[in-house]
Amino acid sequence: MTTVDAGQPAPVARERRRPIGLLLVAVPVFLVIWLVIWPIISAVITTIWVRTPEGSAFSIETYRFFFSDGYSLANLSMTLWTTGVCAILLLIVCLPIALYLRFSDTKVAAYVQGLAIFPMFVPSIILSFALIRVLGPNGMVDILLNSVGLPKIRTPYLTPWGPVIGLVWDNIPLTVLILLSGLGSVSNQAVEAARDVGAGRIALLWHIILPRISNSILVAISFAVLGIFSAFTLPYILGPAAPEMMGPFMQRTFRDLYDPQTAITQAVITFGFCIVFGLFYVRSVAKNRTP
């Protein structure tokens with residue numbers, strides 16, 4: 001005769017709870033399929049199933065044009081370069097801030113955290129024009145340098161570095177919060193034990209801290225890359241006219257050239273690159289949930 005552990009629900013109770021759980025997630029799953037997955041599938045079908053005078057036929061001509069067009073490839077390269085540089089700079093800037101906030105118990109840390117999170121509440125359009133007024137031609141930096149007799153700086157406005165500065169500043173809050181959350185798994189006892197055996201700051205960071213927050217670093221970079229790769233406002237206002245990032249490129253193709261087929265193709269290619277980083281995030285989450 002089999003017995004059921006008192007601490008575990010009976011199989012019958014589990015079966016009764018399962019439909020309720022499925023009903024609770026049915027609405028969000030339906031919305032994801034309707035608003036996210038179906039538009040993606042529809043966009044892919046639109047780009048490979050083209051209407052012709054004789055009817056509809058399978059064609060990859062729009063993709064062949066994209067990967068053979070120098071201007072399109074330059075815009076894609078610009079987007080990849082901006083994304084890579086921003087990801088590296090975000091890690092360099094945000095990791096020390098997160099480490100300081102995690103291991104500091106002073107009042108200054110509270111102000112530092114407030115400053116680090118502040119960009120989250122600033123709209124991108126306001127940030128763009130603020131950077132223009134500060135770093136643009138005849139901006140505040142130029143005025144200050146001129147007042148002390150120093151030469152003007154070469155403004156990053158309308159250069160590839162303009163979007164980099166804006167995107168890094170815009171993504172600091174989320175990156176710091178994710179890294180700070182990961183650092184919560186690093187116990188003070190482990191740090192003190194490492195210090196007791198003579199571990200320096202570099203050894204402590206490399207052997208104790210980084211292995212425990214590697215998953216958080218991957219998640220933070222994945223989120224940053226997804227946001228940067230599909231950014232529009234900051235690259236559109238701060239970046240050069242050519243080459244440009246994929247966000248403004250798609251908008252110009254759709255609005256100025258009246259070519260929705262090519263614009264959708266660009267969107268599908270952008271999604272193809274983004275899904276690679278999205279898979280890193282999904283794998284990271286699934287790895288954490290695996291017992």
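These numbers were taken from a predicted model, which means no experiment stands behind them.

Caption draft 1: The overall build of the chain, seen in detail. Across its full length, the chain holds 12 helices and two strands. For the chain, the C-alpha radius of gyration of 25 Å lies well beyond 19 Å, the compact-globule estimate for 291 residues. Expressed along its principal axes, the backbone C-alpha trace of the chain runs to roughly 75 × 70 × 30 Å. Per-residue burial over the chain gives 33% buried out of 291 residues. The long-range fraction of contacts in the chain, counting pairs at least 24 apart against all pairs at least 6 apart in sequence, stands at 70%. Across the chain, the centroid of the 19 positively charged side chains sits 8 Å from that of the 13 negatively charged ones.

Caption draft 2: Here's a closer look at the confidence of the model for the chain. Per-residue confidence for the chain averages 84 on the pLDDT scale, and 90% of its residues sit at or above 70. Summarising per-element confidence for the chain, the mean pLDDT is lowest in strand β2 (residues 55–58) (72) and highest in helix α3 (residues 70–103) (93).

Caption draft 3: Structural view of the packing of helix α7 (residues 161–183) against helix α9 (residues 201–229). The interhelical angle for the contact between α7 and α9, taken along N-to-C directions, is 150°, at an axis separation of 9 Å. Considering their axes alone, α7 and α9 lie roughly antiparallel with respect to each other. For the pair α7 and α9, the sense of crossing is right-handed. When α7 is examined against α9, the residues L167, N171, L174, T175, I178, L179, G182 and L183 are found in contact with a partner set consisting of I209, I213, S216, I217, V219, A220, F223, A224 and I228. Taken together, the residues of the contact of α7 with α9 break down into 13 nonpolar, four polar and no charged.

Caption draft 4: Focus on the side chain of T47. Mapped onto the elements of the fold, T47 is located in helix α1 (residues 11–48). A relative accessible area of 0% means that T47 is categorised as buried. In this structure the side chain of T47 is engaged in a polar contact, spanning 2.8 Å, whose partner is the backbone oxygen of V44. Setting aside residues up to four positions removed in sequence, T47 forms contacts with S59, T62, Y63, Q261, I264, T265 and V268.

Caption draft 5: Just the nonpolar core, in detail. Formed by 39 residues in total, the largest nonpolar core has its most connected members in L90, L167, L179, L183, I213 and I228. At the level of elements, α3, α5 (124–135), α7, α8 (188–196), α9 and α10 (233–238) are the ones that each hand at least two residues to this core. Residues within four places of L179 in sequence aside, it is in contact with C94, L95, A98, S216, I217 and A220. In this structure, A43, Y63, F249 and V268 belong to the second largest nonpolar core, which totals 11 residues.

Caption draft 6: Focus on unusual backbone geometry. Residue P243 is reached from A242 by a cis peptide bond, and omega for that bond is -10°. Positive phi values are uncommon outside glycine, yet N138 reaches one of about 60°. Structurally, the position occupied by N138 is in the loop between α5 and α6 (140–147). On the accessibility criterion, N138 (53% relative accessible area) is exposed. Non-glycine residue Y258 carries a positive phi angle of around 55°. Examined against the element boundaries, Y258 turns out to sit in the loop between α11 (246–255) and α12 (260–289). Its relative accessible area of 69% is what places Y258 among the exposed residues.

Caption draft 7: Inspection of the pattern of salt bridges at higher detail. Scanning the entire structure with this criterion turns up three salt bridges. For R64, the salt bridge is made with E61, and the minimal N-O distance between the two is 2.7 Å. A residue pair is termed a helical-turn pair when its members lie 3 or 4 positions apart in one helix, as R64 and E61 do in helix α2 (residues 61–66) at three residues. Judged by relative accessible area, E61 falls into the partly exposed class, the value being 45%. The shortest N-O distance in the salt bridge between E244 and R252 comes to 2.6 Å.

Calculation criteria
Residues numbered from 1 in each chain as written. Predicted model: local features only at pLDDT ≥ 70, side-chain atom pairs only at ≥ 80, totals over all residues. Heavy atoms only, no water. Helix = DSSP H or I, 4+ residues; strand = E, 2+ residues; numbered from the N terminus. Rg over C-alpha atoms; globule rule 2.2 N^0.38 Å. Buried < 20%, exposed > 50% of the residue type's maximum accessible area, 1.4 Å probe, protein only. Contact = heavy atoms within 4.5 Å. Lys, Arg positive; Asp, Glu negative; His and termini not counted. Charge placed at Lys NZ, Arg CZ, Asp CG, Glu CD. pLDDT = per-residue confidence, 0-100. Axes fitted to C-alpha atoms, helices over the stretch in contact; angles between N-to-C directions. Parallel < 35°, antiparallel > 145°, perpendicular 65-115°, else oblique. Left-handed = near helix turned anticlockwise from the far one by under 90°. Nonpolar A, V, L, I, M, F, W, Y, C, P; charged D, E, K, R; others polar. Polar contact = N/O pair within 3.5 Å; in protein donor to acceptor, adjacent residues only side chain to side chain. Core = buried A, V, L, I, M, F, W, Y, C linked by side-chain atoms within 4.5 Å. Salt bridge = Lys/Arg side-chain N within 4 Å of Asp/Glu carboxyl O.

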